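In case you want the letters, here they are:
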Amino acid sequence: MARRPLFSVIVNAYNVRGYIEDALASIKAQTFEDYEVILVDDGSTDGTVDVLRSFASSESRACVLARAHQGLLLARRAGLRAARGTYVLFLDADDCLHKRALQRCAEAIGSTGADIVMFRYSREADFSEGEETGAPAPGLYRGAAFQEMRERLCRAQSVSIWGKAFRRSCIDIEDDCAPYADLVQGEDLFQNLPIFDRASSLACLSDVLYFYRANPASLTADFQPGMLDDYAVVCRRLREYARSWGAACGEQALAGEAGMYRFALGLASDRMRPARAGAFEQVRRAMLRDGALSRAFEASIPRHQRLLFSLLLRRRWLLLQLCISLGGMRYRLARMLDRQRSSWGRHHG
């Protein structure tokens, strides 16, 4: 039997011909070589699969799984079933890894034995500006400290499936996700929950090792009515796991659910004015139908978020839009200040 590599890098691709070569180049540039690459083409029609096959023909560590289009969740699950690595990383096909990503993860695994290694990401292609807002402090989280990471996840923070290396034995590979094939919004959190249930430690690095490319063509970039059905499914699973992890996680899950619907309201507010009120009403009805609106008022959330849901309940669309816009300005200001602090630290640290 062939020796098991330390890492399996799973790349899921669907009609990303304009970006995939950058992603593959970032894998090829890795300074650490004990890895395999699982390239999953989810029924692309733009020539993406040809690029993947060309890469695999010249890279003995790479293989291509070409399949009919079934969605991101099932594509990732197919990659997991093919993976042999002790640890698994996911790389979205329009993103990139820093050349030392696997090296730094391997070093963290060697020194801590952590089940999960988490690292920072940048929206800049040169990895120069790491995202700071809400990031956990670098270090090893084990025991009670790992429970804090579960609480973060329940609050819908650090939920991305990318930006982490997972011990493969902690992943629920054997579970059938076919009933959730259409899941798009919240899919990362949906998969993270059982992993964090089985894991018992996490090493958080300060290194910026992942380039996240904001893709306007992404299915999660615009408001879609179907996203509200996704939220109902994901939040149901979130509450189930949170209850099993204790009261603190249960409280954080209420805030996490509220935050997800707050995100939906933000996307709805970006619609043109004639369609905006209709989108707000769709969020309102979905939250009432699932009980999410009453849970939002029970959640420990900032006052301005509570105001949003109050305005939503009362159908005060103009005031709701104004508050969302002001909240967006606050978020952008916080990001700007974080970047300034990071820049100051690099030049004066």
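Just so it is clear, the model here is predicted, and its values are computed rather than measured.

Peer 1: Mind showing me how you'd approach the pattern of salt bridges here?
Peer 2: For side chains bearing opposite charge, pairing can occur when the charged atoms are close. This model, assessed by the stated rule, comprises 22 salt bridges. Note that glutamate 36 and arginine 84 form a salt bridge whose closest N and O atoms lie 3.3 Å from each other. Pair noted here: glutamate 36 is in strand β2 (residues 35-42) and arginine 84 is in the loop between α3 (72-82) and β4 (87-92), with a separation of 48 residues, a long-range link. What emerges from the salt-bridge pattern is a single network uniting Arg76, Asp92, Glu187 and Asp188.

Peer 1: In this structure, what is going on with the packing of aromatic side chains? I would like to understand it.
Peer 2: To describe a pair of aromatic rings, you give the distance between the ring centres and the angle between the ring planes. Following the criterion strictly, the structure yields 11 aromatic pairs and no others. Ring geometry for tyrosine 121 versus tryptophan 162: centroids 5.2 Å apart, planes at 85°, classification edge-to-face. One end of the pair, tyrosine 121, is in strand β6 (residues 116-122); the other, tryptophan 162, is in the loop between α5 (144-154) and β8 (164-167), with 41 residues separating them in the sequence. On the accessibility criterion, tyrosine 121 (23% relative accessible area) is partly exposed. In this structure an aromatic cluster arises from ring pairing among Tyr121, Trp162, Tyr210 and Tyr212. In this structure, arginine 61 is placed above the aromatic ring of tyrosine 35, and the distance from its NZ or CZ to the ring centre is 4.3 Å.

Peer 1: Whenever I open this one, α5 confuses me. Can you help?
Peer 2: By the burial criterion, the buried members of α5 are Phe146, Met149, Arg150, Arg152, Leu153 and Cys154. Contact partners of the buried residues in α5: β6, β7 (139-142), α6 (187-198), β9 (201-211), α7 (226-245) and α8 (247-269). After α5 finishes, the residue alanine 156 shows a positive phi value of roughly 65°.

Peer 1: Could you clarify how one ought to interpret the packing of α5 against α8 in this entry?
Peer 2: If you want to describe how two helices pack, look at the angle between their axes and the distance between the axes. Packing of α5 against α8 leaves a shortest axis separation of 7 Å and a crossing angle of 25°. As far as their axial angle goes, α8 and α5 are roughly parallel. Residue-level inspection shows Gln147, Arg150, Glu151 and Cys154 of α5 in contact with α8, the latter providing Ala248, Cys249, Gln252, Ala253 and Gly256. Tallied by class, the residues present in the contact of α5 with α8 amount to four nonpolar, three polar and two charged.

Cut-offs applied
Residues numbered from 1 in each chain as written. Predicted model: local features only at pLDDT ≥ 70, side-chain atom pairs only at ≥ 80, totals over all residues. Heavy atoms only, no water. Salt bridge = Lys/Arg side-chain N within 4 Å of Asp/Glu carboxyl O. Helix = DSSP H or I, 4+ residues; strand = E, 2+ residues; numbered from the N terminus. Phe/Tyr/Trp six-rings, centres within 6.5 Å; stacked < 30°, edge-to-face > 60°. Buried < 20%, exposed > 50% of the residue type's maximum accessible area, 1.4 Å probe, protein only. Lys NZ or Arg CZ within 6 Å of the ring centre and 35° of its normal. Contact = heavy atoms within 4.5 Å. Axes fitted to C-alpha atoms, helices over the stretch in contact; angles between N-to-C directions. Parallel < 35°, antiparallel > 145°, perpendicular 65-115°, else oblique. Nonpolar A, V, L, I, M, F, W, Y, C, P; charged D, E, K, R; others polar.

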